[in-house]
Amino acid sequence: MFGKKYIVGEIYYGKAIYLITNVIKSFNLRTGEDRIKLDTTGFSCHTDLHSELCLVNKPVRIDNSGLTIYVPSSQSYVNRTLKPYANRDDGTAMSRVSPVKIVNGDVNAPACRITHDAPAVVFSSGGFTGNVFHEINEVIIPLFITTRHFRSRLKFLITDYKPWWVSKYSKVLTHLSHYEAINPAANGSAVHCFPGAVIGLVYHGKLALNATDIPGGYSAFDFKHFLRESYNLKIKNVSEIKREKPILILISRKKSRVVSNENEIVVMMEELGFEVVVTRPNRMSNLNKFAALVNSCSVLVGAHGAGLTNQVFLPDGAVMVQVVPLGLEWASTNYYGAPTKEMGVQYLEYKIEPEESSLMQTYGRDHPVITDPASVFAKGYYAARAVYIDAQNLKINVKRFKETVVQAKELIGRSSPLN
C-alpha cells in the first residue's frame, strides 16, 4: 500500500500526478501536441496502430452504468470513445471490447458514491482472451509496461470483466496492484472517483518490451523476473536444474497443426535421454501449476501456436523448439521465434518439408498452396488462415527432426548463468 493514509488529499494527489505523468514515456508523448495538452489541460490521448491511451492527471469520475469517464475542465465539451484493448488494428478482436466514453469539459458530472485514494487504470479483458498468446501479448505485457512503475499504488477497473480470466491471472494482478480489481458491472450504477486515471494500455509489439520507452527501463528480462516473483518460480537459469534426465515439454495439439505421429516423436525424445511431458490445453489452463512445470523444464517443443507463449516461464538458457508448418514461416519467426532472445531463451526451429504436411495430400505437390504460399496470403489473412492454420496437420520425419532435438540437448548442456 502507501504506508499511511494521507489526511491532506493534495499530498497523494501530487503523487498520483507524478505516477500518471510518467506513463508519458511509455507512449512516446515526450514532445509535441500530446505532451503540451497534458501539461496544460491535465488530459491527453494518443493513438497508434495497435493501441489507444488517454491520461488524466486530475480527479475523474467513472460512472459504471454507462462506462462513462468524466474529466472536469473549463474547456468546451468534448466527447471521445475508446476501446481499452491493445489490438485496435484487428476488427474481430475489437468487436469483443466494450467502448468507454470519455466526457471532457464543463459538464454536470454525477456525484461520487465511492471515493478512492489511488489512480485508476482502465483496461478490457475482452478481445481475444481465451487464447494464451493474446492474453499475454495484448493484456499482461501491456499491463506490466503501463503500470509497473506505479509500484502497486493503483486500482484496476476491468471492463468486459471475466471472472475466470481474473482468477487465472490473479498472481499477476495482485503483484501489480495492492487492491482488488473493480468489476464495473458488479457495482450497478455506482460512480467511482479517482485522483487520476490511465485509460488503455501501452503496446510495444509481439511479446515485446522496449526498455528505452518504459519508465524505469524495464526489459523482457525484468518482465520474466516479475513473473518468477509473482508465481514463486524457483529456477532462474537452466544450469540450476540437476536431473539425470532433463524435462522436455511437448505441447500436444488436438484441433489443427496436430502431429499425427506424436507417439513416435516421444519415443525418439526418450531415447535421447529426456523425460518427456506431453502437455495438452486442459493442463495449461491452471497457470499457477503449469508455470511451475515450465520453469522446471529444459526444453519446450511445439508446433506453431499459442502454447509456445509459455516460453515466458522458461528459465534463462532453456531451449524452445518451434515446429514450423508449411506457409507459416513469417508468423513463426515474428510471433514466437524473435521474442526468445530478449526472454533469455535459446531458440531452434524445425521447418517441415511439404511431404510432412497434410496439405500435400489435400492439394498435391504442384498446387500453389504447396509451391507458392505467398499467392494464398495475397488473397487475405482469413483465406490463408483457413488453409495453413486451421486445415493443416503434420506427420514429422522422425529421423530428420531428431537432429534438431539432439542440438537442443547440446545447447542446454552448454548453458550457464549470465553475468
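All of these numbers come straight from a predicted model, not from anything done at the bench.

## Side note on the overall build of the chain
Thought 1: Secondary structure assignment for the chain yields 17 helices and 16 strands.
Thought 2: The proportion of buried residues among the 419 residues of the chain is 56%.
Thought 3: For the chain, long-range pairs separated by at least 24 residues make up 76% of all intrachain contacts whose partners lie at least 6 apart in sequence.

## A few points about the packing of aromatic side chains
Thought 1: For the coordinates displayed, the defined rule picks out 15 aromatic pairs.
Thought 2: The ring of Tyr-335 is capped by Lys-206, whose NZ or CZ atom sits 4.9 Å from the centre of that ring.
Thought 3: The aromatic ring of Phe-274 is capped on one face by Lys-409, whose charged end is 5.6 Å from the ring centroid.

## Considering the packing of helix α4 (residues 132–147) against helix α7 (residues 220–230)
Thought 1: The N-to-C vectors of α4 and α7 enclose an angle of 105°; their axes lie 11 Å apart at closest approach. Taken together, the axis directions place α4 and α7 in an arrangement best described as roughly perpendicular. Contacts from Ile-140, Ile-141 and Phe-144 in α4 reach Asp-222, Phe-223 and Phe-226 in α7.
Thought 2: Residue composition of the contact of α4 with α7, by class: five nonpolar, no polar and one charged.

## Focus: the state of the cysteines
Thought 1: Within this structure, the stated rule accounts for two disulfides.
Thought 2: The disulfide that involves Cys-45 links it to Cys-54, with 1.9 Å between the sulfurs. Around the S-S axis, the bridge from Cys-45 to Cys-54 shows a dihedral of about 110° and counts as right-handed. Like Cys-45, the residue Cys-54 is buried in the burial classification.
Thought 3: Paired by a disulfide, Cys-112 and Cys-193 hold their sulfur atoms 1.7 Å apart. Residues Cys-112 and Cys-193 share a disulfide whose torsion about the S-S bond is about -95°; that sign makes it left-handed. Here Cys-112 is found in the loop between β6 (100–105) and β7 (114–115), whereas its partner Cys-193 is found in strand β10 (residues 191–194), with 81 residues between them in sequence.
Thought 4: Numbered in order of appearance, the disulfide-bonded cysteines of the chain are paired 1-2, 3-4.

## Describing unusual backbone geometry
Residues apart from glycine generally show negative phi values, whereas peptide bonds are mostly found in trans.
Thought 1: Backbone geometry at Asp-160 places phi at a positive 50°, although glycine is not the residue there.
Thought 2: As for its position among the elements, Asp-160 is in the loop between β9 (155–159) and α5 (163–168).
Thought 3: Of note, the phi angle at Leu-207 is positive, near 50°, even though the residue is not glycine.
Thought 4: Assignment of secondary structure puts Leu-207 in the loop between β11 (197–199) and α7.
Thought 5: The exposure class assigned to Leu-207 is buried, which follows from its relative accessible area of 3%.

## A word on the sheet that holds strand β5 (residues 78–82)
Thought 1: If you trace the six strands from one edge of the open sheet to the other, you get β5-β6-β4-β3-β10-β7, paired in mixed fashion. Each edge of the sheet is formed by a strand with only one pairing partner; in this case those strands are β5 and β7.
Thought 2: Relative to β6, β5 runs antiparallel, the two sharing five bridges. Pairing of Leu-82 across the sheet is with Val-100, part of β6.

## Overview of the pairing of strand β15 (residues 319–324)
Thought 1: Counting buried residues along β15, six of its six residues qualify, which places the element largely inside the surrounding structure.
Thought 2: Relative to strand β16 (residues 346–351), β15 is paired through six bridges, and the arrangement is parallel. Its bridge partner lying in β16, Val-324 is registered against Lys-351.

## Topic: the sheet that holds β11
Thought 1: Pairing in this open sheet of five strands is mixed, and the strands run β1-β2-β11-β8-β9 from one edge to the other. Either end of the sheet is taken by a strand with one partner, and the two such strands are β1 (43–47) and β9. Each strand axis lies, on average, 15° off the axis of its neighbour in the sheet, ignoring direction.
Thought 2: Where α4 meets the sheet, it contacts β8 (120–124), β9 and β11, and its direction lies at approximately 165° from that of β8.

## Some points on α4
The α-helix winds at 3.6 residues per turn, so residues separated by three or four positions along the chain end up facing the same way.
Thought 1: If you look at α4, its biggest bend is around 25°, right at Ile-140, and the proline Pro-142 turns up within four residues after that.
Thought 2: Taken across its 16 residues, α4 has 16 buried, putting it largely inside the fold.

Basis of the calculations
Residues numbered from 1 in each chain as written. Predicted model: local features only at pLDDT ≥ 70, side-chain atom pairs only at ≥ 80, totals over all residues. Heavy atoms only, no water. Helix = DSSP H or I, 4+ residues; strand = E, 2+ residues; numbered from the N terminus. Buried < 20%, exposed > 50% of the residue type's maximum accessible area, 1.4 Å probe, protein only. Contact = heavy atoms within 4.5 Å. Phe/Tyr/Trp six-rings, centres within 6.5 Å; stacked < 30°, edge-to-face > 60°. Lys NZ or Arg CZ within 6 Å of the ring centre and 35° of its normal. Axes fitted to C-alpha atoms, helices over the stretch in contact; angles between N-to-C directions. Parallel < 35°, antiparallel > 145°, perpendicular 65-115°, else oblique. Nonpolar A, V, L, I, M, F, W, Y, C, P; charged D, E, K, R; others polar. Disulfide = S-S within 2.5 Å. Pairing = 2+ DSSP bridges. Bend = angle between axes of the 7 residues up to and from the residue.

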